[in-house]
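Residue-level listing of the chains:
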Amino acid sequence: MAIQEPLKTILAETRSLVERAGGARRSLTLSPEVAEALSALDGPRSQTPTKMETGTPPISSPDSAPSLEALESLVCACTRCGLAATRNRTVFGVGSPSADLVFVGEAPGEDEDRQGVPFVGRAGQLLTDIIVKGMGMRREDVYICNVLKCRPPLNRDPNPEEVHCCEPFLLRQLDLMHPKVICALGRHAAQTLLRTGESTGRLRGRWHNYHDIPFRVTYHPAYLLRQPSEKRKTWEDVKAIMKVLNGEVVPEI
Ligand code: SF4
């Protein structure tokens, strides 16, 4: 039948839309006419279907997660955006749940996607050096995560829909932790969270407000590996953050 393939395409795309929209519903209620047409595609049935099962389990809102563990379980099962189809592992976050300082990067890379841990590899080692040598803290004393919990293919920039789908997880993470300071690592994380197109150079060196949490911007460790001369500015950012963490300064946000 000539109309069969277009109908199948519509059916598949509708199913995908329902799955990506999330929410508690697992099925669509069909009109009798549509149900009959879809039934005809699959051949004769003893009973005409009136529901189209999407196969998507109920997805609770991130806002309702009572703990980081519960939130991580939601992330592990998340299919809210297309990155669920290409990820190897979700990358939720690592560190102390009671950390005063949270570092937020943009998205997992190849190593992170394989290991399920944020900021591993050379850039991760440099971040560890910044924490240990620059701040006099241990990596496990802070918390490290990304805006996106899944890797964009080929490390491309996240698209707005992916950020829209995933940012509620970050917001709930921060809400559960109540850090004293957030430090955005690099242009993409800073621009995404602050909803601005300003460069890292213009955003760093001053305090911002992210959902009433003091927010500082510094360079991404991967950028510092390429431009070691910029490390000096990161040390300045680190010193400003330490003054707040030590209670020497109250940032105006
Ligand atoms: S990137 Fe975020 S919203 Fe998209 S599938 Fe992964 S966890 Fe879900």
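Structure: above.
Now for a quick tour of the structure. A quick note: this is a predicted structure, and the numbers were derived from the prediction, not measured.

### Some details on the side chain of Gln-173
Stage number 1. Within the secondary structure, Gln-173 sits in helix 6 (residues 160–177).
Stage number 2. According to the relative accessible area criterion, Gln-173 is buried, its value standing at 0%.
Stage number 3. Not counting residues up to four positions away in its chain, the partners in contact with Gln-173 are Leu-68, Leu-71, Phe-92, Gly-93, Tyr-143, Cys-145 and Lys-149.

### Things to note about helix 5 (residues 121–134)
Stage number 1. Taking 1.5 Å per residue as the helical rise, helix 5 with its 14 residues ought to reach 20 Å, and the 19 Å between its terminal C-alpha atoms agrees with that figure.
Stage number 2. In this fold, the buried residues of helix 5 make contact with strand 4 (101–105), strand 5 (143–146), strand 6 (181–185), helix 9 (221–226) and helix 10 (231–245).
Stage number 3. Backbone geometry just downstream of helix 5 places Gly-136 in the positive-phi region, at approximately 70°.

### Looking at the pairing of strand 6
Stage number 1. Within strand 6, five of the five residues are buried, which leaves the element mostly enclosed by the surrounding structure.
Stage number 2. Of the two faces of strand 6, the one carrying Val-181, Cys-183 and Leu-185 and the one carrying Ile-182 and Ala-184 are both buried.
Stage number 3. One ladder, built from four bridges, connects strand 4 with strand 6; its direction is parallel. The partner of Val-104 across the bridge, within strand 6, is Ala-184.
Stage number 4. Relative to strand 8 (residues 213–218), strand 6 is paired through four bridges, and the arrangement is parallel. What sits directly across from Ile-182, in strand 8, is Phe-215.

How each quantity is defined
Residues numbered from 1 in each chain as written. Predicted model: local features only at pLDDT ≥ 70, side-chain atom pairs only at ≥ 80, totals over all residues. Heavy atoms only, no water. Helix = DSSP H or I, 4+ residues; strand = E, 2+ residues; numbered from the N terminus. Buried < 20%, exposed > 50% of the residue type's maximum accessible area, 1.4 Å probe, protein only. Contact = heavy atoms within 4.5 Å. Expected span 1.5 Å × (residues − 1). Pairing = 2+ DSSP bridges.

Take it as geometry only, folks, not as evidence of what the structure does.
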